[in-house]
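Chain by chain, the residues run as shown.
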Amino acid sequence: MYTYDDLWEKTVKDLKVICKKYGIIGYSHKTKQEIVDLIHDFQSGDKEKETTPTANMNEIQGIEGNFSSRLTNPKNSIGNRHTTTVQVSCGANTNRFNVVGRTLTEISKALKEILNISDFSTPLVNGKNREWDYVVKEKDVIEFLKPAGVKGI
Amino acid sequence: MNIKIIGLGGIGSTLSLFLSRYVNYEKFDTKNITLIDGKRFEERKAERQEFSSLGNKALIKMSELKQRFFNIVYEAIPVFVTEDNISRIIEEGDVVFVGVDNHKTRKLISDYCGKLNDIILISGGNELTDGNVQLYVREGGKNLTPSLTDYHPEIDSPQDKLPTELSCEELLHSEPQLYFTNLSVALFMCIMFYNVIVNKKYDKSEVYFDLLTMSSDSKIRRPKN
């Protein structure tokens, strides 16, 4: 986690490395100020997430909610705004989540209960098999393959 | 149209009725349905399976359906599908429905269909409250959809056995199942059949459903070979 000052002390080159590490997109033609804002906003999003109280997942019987897109830069003009939510599914369960920049391992752990992801599931990104350390990008479509049902007789 | 239904348990016995009703009144040139299962109907499974008497499932179901749907020619093959007999059971141009209870048979059938030029294979399976249906279509020797094994390593390398490899004790063992889940699989298999035969649509080649969340989701997948 970098403070605003930490970020300012870094070179543009170093900032771009951080963006890449976090999976932040759209930084290539930005000024230093804009890149620092991007990283700072991204980290703030993370901090909010960390401080949100977590429920005991074993006690959750069902989940109901509205999922909204998060914009990487809401101040941009219409057309240059980017949503960072991507579709993630496992079996019949599907929804959009703010997981850009996360690895498939992290996503699978975070959404295990919500999407009922099996320990035997393997990941597909845009229909192709990927390694668990793949970092999710904007517009990716993620599927954790649910094993086929066995019975029928 | 030559339809083969392999496995006449909770899914297949229901499916055979749904399918017969549709085929009987539609304008197909030929209407042949072959029922294949080596198992006997057991009274303890009456909560999920409807048979009028005890005995081999394929033979009983054939006699029941024959009395209801006069436009269809039925045949019963009272055996389990094995490597030795599969070439006599599945033929070019067939529409094959699979409602068996093991992945080894699914792989055997999928691999065999992969050697044929034209085939439509619809396979369904379930756990207690969820399940899935897969569609495998080959036309002119090419895969138009993934095989049953393309995206399912658990079917490609099955850890279970064919019914012919099971001991009597193993044959009697069965996990609890829910009639509604079997019904859902059978219904989705019919929907898949309708889409591929009537609407010529096969882009969504797999569908999952979950009774507890009351949801379903179909997947677009490309064949790997």
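In every chain, residue numbers begin from 1 and rise along the written sequence. Ligands are numbered from 1 and chains lettered from A, in the order in which they are written. Reporting in this predicted model follows two pLDDT cut-offs: at least 70 for local features of residues, and 80 or more for side-chain atom pairs to be given and counted; totals over whole chains, interfaces and linings ignore these cut-offs and use all residues.

### Brief notes about the overall build of chain A
Part 1 of the argument: Helices and strands together make up the secondary structure of chain A, namely 5 helices and 5 strands.
Part 2 of the argument: Buried residues in chain A amount to 26% of all 153 residues. Secondary structure follows DSSP: runs of H or I at least 4 residues long count as helices, runs of E at least 2 residues long count as strands, and numbering of each begins at the N terminus. Comment: burial labels come from other C-beta atoms within 10 Å of the residue's own C-beta, placed from the backbone, where a count of 20 or more is buried, 12 or fewer is exposed, and between is partly exposed.

### Quick notes on the overall build of chain B
Part 1 of the argument: Along chain B, the regular secondary structure elements total 7 helices and 11 strands.
Part 2 of the argument: Computed over its C-alpha atoms, the radius of gyration of chain B comes to 16 Å, within 12% of the 17 Å expected for a compact globule of 225 residues.
Part 3 of the argument: In terms of its C-alpha atoms, chain B occupies a principal-axis envelope of roughly 45 × 40 × 40 Å.
Part 4 of the argument: Counting every position in chain B, which comprises 225 residues, the buried fraction comes to 44%.
Part 5 of the argument: In this description, a residue-residue contact is defined by the distance between C-beta atoms placed from the backbone, which must lie within 7 Å. Once local pairs closer than 6 in sequence are excluded, the contacts in chain B between residues at least 24 apart make up 67%. Values of the radius of gyration come from C-alpha atoms, whereas the globule rule sets the reference at 2.2 Å times the count of residues to the power 0.38.

### Re unusual backbone geometry
Residues and elements named next belong to chain A.
Part 1 of the argument: The phi dihedral of asparagine 126 falls on the positive side, at around 50°, and the residue is not glycine.
Part 2 of the argument: Within the fold, asparagine 126 resides in the loop between strand 3 (122-125) and strand 4 (128-129).
Part 3 of the argument: A positive phi angle, close to 75°, is found at lysine 139, a residue other than glycine.
Part 4 of the argument: Relative to the helices and strands, lysine 139 is located in the loop between strand 4 and strand 5 (141-145).

### A look at the packing of helix 1 (residues 12-25) of chain B against helix 7 (residues 179-197) of chain B
Residues and elements named next belong to chain B.
Part 1 of the argument: Lines are fitted to the C-alpha atoms to define the axes, a helix being fitted only along its stretch in contact, and any angle between axes, read from their N-to-C directions, falls within 0 to 180 degrees. Viewed as axis vectors pointing N to C, helix 1 and helix 7 meet at an angle of 40°, and their least axial separation amounts to 9 Å. Considering the relative orientation of helix 1 and helix 7, their crossing is right-handed. Here Thr14, Leu15, Phe18 and Leu19 of helix 1 lie close against helix 7, whose contacting residues are Asn182, Leu183, Ala186, Met189 and Cys190.
Part 2 of the argument: Partitioned by chemical class, the residues of the contact of helix 1 with helix 7 number 7 nonpolar, 2 polar and no charged. Helix crossings get a hand from a simple test, with the near helix turned counterclockwise from the far one by less than a right angle marking a left-handed crossing and a clockwise turn marking a right-handed one. Any residue outside Ala, Val, Leu, Ile, Met, Phe, Trp, Tyr, Cys, Pro, Asp, Glu, Lys and Arg is labelled polar, Gly included; the first ten of those are nonpolar and the last four are charged.

### Remarks on the packing of helix 1 of chain B against helix 2 (residues 57-66) of chain B
Residues and elements named next belong to chain B.
Part 1 of the argument: One can describe the packing of helix 1 onto helix 2 by two numbers: an axis separation of 11 Å at closest approach and a directional angle of 25°. It follows from the interaxial angle that helix 1 and helix 2 lie roughly parallel. Crossing handedness for the pair helix 1 and helix 2: right-handed. Across from Ser13, Ser16 and Ser20 in helix 1, the residues of helix 2 making contact are Lys57, Lys61 and Leu65. Angles below 35 degrees are treated as roughly parallel, those above 145 as roughly antiparallel, those between 65 and 115 as roughly perpendicular, and all remaining angles as oblique.

### A few points about helix 1 of chain B
Residues and elements named next belong to chain B.
Part 1 of the argument: Here the expected length of a helix is defined as 1.5 Å per residue gap, with one fewer gap than residues. With 14 residues, helix 1 should reach 20 Å at 1.5 Å per residue; the first-to-last C-alpha distance of 20 Å fits that figure.
Part 2 of the argument: Within helix 1 the residues assigned to the buried category are Gly12, Ser13, Thr14, Leu15, Ser16, Leu19, Ser20 and Val23.
Part 3 of the argument: Of the surrounding elements, those touching the buried residues of helix 1 are strand 1 (2-6), strand 2 (32-36), helix 2, strand 6 (95-98) and helix 7.

### Remarks on the interface of chain A and chain B
Part 1 of the argument: Listed as interface residues are 18 residues of chain A and, on the opposing side, 36 residues of chain B.
Part 2 of the argument: When residues of the side of chain A that touches chain B are traced back to their parent elements, those giving at least two are strand 2 (93-98) and strand 5 of chain A.
Part 3 of the argument: For the side of chain A that touches chain B, the class distribution of residues is 7 nonpolar, 8 polar and 3 charged.

### Focus on the confidence of the model for chain A
Part 1 of the argument: In the predicted model, chain A carries a mean pLDDT of 81, and 73% of its residues have values of at least 70.
Part 2 of the argument: Known as pLDDT, the predictor's per-residue confidence is scaled from 0 to 100. Note that residues 49-55 of chain A has pLDDT below 50 and, in this model, 1 contact with residues that lie over four places away or in other chains.

### Here's the deal with the pairing of strand 1 of chain B
Residue and element names in this part refer to chain B.
Part 1 of the argument: Most of strand 1 is tucked away: 4 of the 5 residues are buried.
Part 2 of the argument: Between any two strands, pairing holds if DSSP finds at least two bridges. In the sheet, strand 1 pairs with strand 2 via 5 bridges, with the strands oriented parallel. Looking at strand 2, one finds that lysine 4 is bridged to threonine 34.
Part 3 of the argument: Look down the strands so they point away from you; if the path from the first strand over the helix to the second goes clockwise, the crossover is right-handed. Considered for its hand, the β-α-β crossover made up of strand 1, helix 1 and strand 2 is right-handed.
Part 4 of the argument: Sheet topology note: the strand 1/strand 6 ladder contains 4 bridges and is parallel.

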